[in-house]
Amino acid sequence: LYAAQQSTLRAFATGHNGTASAAANFCADILGRVLLEALSQRAESGGSFLKPGDGLLAGQGGLGQAALAVMSSAQKGLSNATKSRRPAIGADADGEERIAMKQRIDAGIAQSCATMNDLEVAVDYTRRLEEKLIQEMESSFPSGRPETEQLRLCIKSLSG
């Protein structure tokens, strides 16, 4: 985003509508293709942890029911493991397996949340970039001219 902003602002500094429009179009195209593709892949991989049956959560039902079932069984396993002083043969391995599964679920959920946060931040910075370019356009180019309106449309293509 920084490189797109700086290069577009440099093009605006020329005062030439055609150059500014081309730079704004290029900026929107790059953000649309490269950034969107990278964020889409991250969202798909990060969100896959939350798909029941495919990711960390067991079952084929809704996400809430699967999450509750896994968490309650993990919680029971943890409480049983801490209550008993002498676990039966094989019970220790079962408790460790439940603890490992809970940690895996927690890490996957945290990764999914971080991915969603990254998406929000990218959207926010893209909106800020659009606002900054609009402000620069309004201060650098005469209003009401067809070329300026074309530039405005090029900048607005950042938001979709």
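Throughout what follows, the structure given in this document is the object of discussion. Keep in mind it's a predicted model, so treat the numbers as computed, not measured.

1. Quick word on helix α1 (residues 2–13)
Okay, step 1: In a regular helix each residue adds 1.5 Å, so twelve residues correspond to 16 Å; α1 covers 16 Å between its end C-alpha atoms and thus fits that length.
Okay, step 2: Buried within α1 are the following residues: Ala 4, Gln 5, Thr 8, Leu 9, Ala 11 and Phe 12. Down the axis, α1 shows its buried residues gathered within 155° of arc, on one side only. Facing away from the buried side of α1 by over 90 degrees, the exposed positions are Tyr 2, Ala 3, Arg 10 and Ala 13.
Okay, step 3: One or two residues past the end of α1 sits Gly 15, with phi positive at roughly 80°.

2. Section: the side chain of Asn 17
Okay, step 1: Structurally, Asn 17 is set in helix α2 (residues 17–47).
Okay, step 2: Residue contacts for Asn 17: discarding those within four places in its chain leaves Phe 141, Glu 147 and Thr 148.

3. Considering the layout of surface pockets
Okay, step 1: Quantified by volume, the largest pocket comes out at close to 340 Å³.
Okay, step 2: Lining the largest pocket are 16 residues, with Leu 31, Leu 36, Val 123, Thr 126 and Leu 158 sitting closest to its centre.
Okay, step 3: Of the residues assigned to the lining of the largest pocket, the class counts are nine nonpolar, five polar and two charged.

4. Focus: the packing of aromatic side chains
Okay, step 1: Scanning the entire structure with this criterion turns up one aromatic pair.
Okay, step 2: Judged by centre distance (5.9 Å) and plane angle (85°), the rings of Phe 12 and Phe 141 are edge-to-face. Taken together, the residues span a long stretch of sequence, with Phe 12 in helix α1 and Phe 141 in the loop between α4 (91–140) and α5 (146–156) at a distance of 129 residues. With respect to class, Phe 12 is no different from Phe 141; both count as buried.
Okay, step 3: When the ring centre of Tyr 125 is taken as reference, the NZ or CZ atom of Arg 128 above it lies at 4.8 Å.

5. Considering a nonpolar patch on the surface
Okay, step 1: Together, Leu 1, Val 121 and Tyr 125 give the surface a local cluster of nonpolar side chains, amounting to about 240 Å² of exposed area.
Okay, step 2: Tracing the backbone shows Tyr 125 in helix α4.
Okay, step 3: A relative accessible area of 41% places Tyr 125 in the partly exposed class.

6. Regarding the nonpolar core
Okay, step 1: Core analysis: the largest hydrophobic core is formed by 17 residues, its most contacted members being Phe 12, Leu 133, Leu 151, Ile 155 and Leu 158.
Okay, step 2: When residues of this core are traced back to their parent elements, those giving at least two are α1, α2, α4 and α5.
Okay, step 3: Tallying contributions element by element places α2 first for this core, with five residues.
Okay, step 4: Aside from chain neighbours lying at most four places away, what touches Leu 133 is Thr 8, Leu 9, Phe 12, Ile 155 and Leu 158.

7. Points about α5
Okay, step 1: When α5 is considered as a whole, its buried residues turn out to be Thr 148, Leu 151, Cys 154 and Ile 155. Looking down the long axis of α5, one finds its buried residues gathered within 115° of arc, a one-sided arrangement. Residues of α5 that are exposed and angled more than 90 degrees away from the buried face: Pro 146 and Leu 153.

8. Points about the environment of Leu 153
Okay, step 1: Looking at the secondary structure, you find Leu 153 in helix α5.
Okay, step 2: Sequence-wise, Leu 153 and Ser 21 are 132 residues apart; in three dimensions their C-alpha atoms are separated by 8.8 Å.

Conventions adopted
Residues numbered from 1 in each chain as written. Predicted model: local features only at pLDDT ≥ 70, side-chain atom pairs only at ≥ 80, totals over all residues. Heavy atoms only, no water. Helix = DSSP H or I, 4+ residues; strand = E, 2+ residues; numbered from the N terminus. Expected span 1.5 Å × (residues − 1). Buried < 20%, exposed > 50% of the residue type's maximum accessible area, 1.4 Å probe, protein only. Arc of directions from axis to C-beta. Contact = heavy atoms within 4.5 Å. 1 Å grid on protein atoms, 1.4 Å probe; cavity = no way out; pocket = protein on both sides within 12 Å on 5 of 7 lines; lining within 4 Å. Points joined across faces, edges and corners; volume = space filled by probe spheres on them. Nonpolar A, V, L, I, M, F, W, Y, C, P; charged D, E, K, R; others polar. Phe/Tyr/Trp six-rings, centres within 6.5 Å; stacked < 30°, edge-to-face > 60°. Lys NZ or Arg CZ within 6 Å of the ring centre and 35° of its normal. Patch = residues over 30% accessible without salt bridge, like charges linked within 9 Å, V, L, I, M, F, W, Y side chains within 5 Å. Areas by Shrake-Rupley, 256 points an atom, 1.4 Å probe, with all protein chains shown as cover. Salt bridge = Lys/Arg side-chain N within 4 Å of Asp/Glu carboxyl O. Core = buried A, V, L, I, M, F, W, Y, C linked by side-chain atoms within 4.5 Å.

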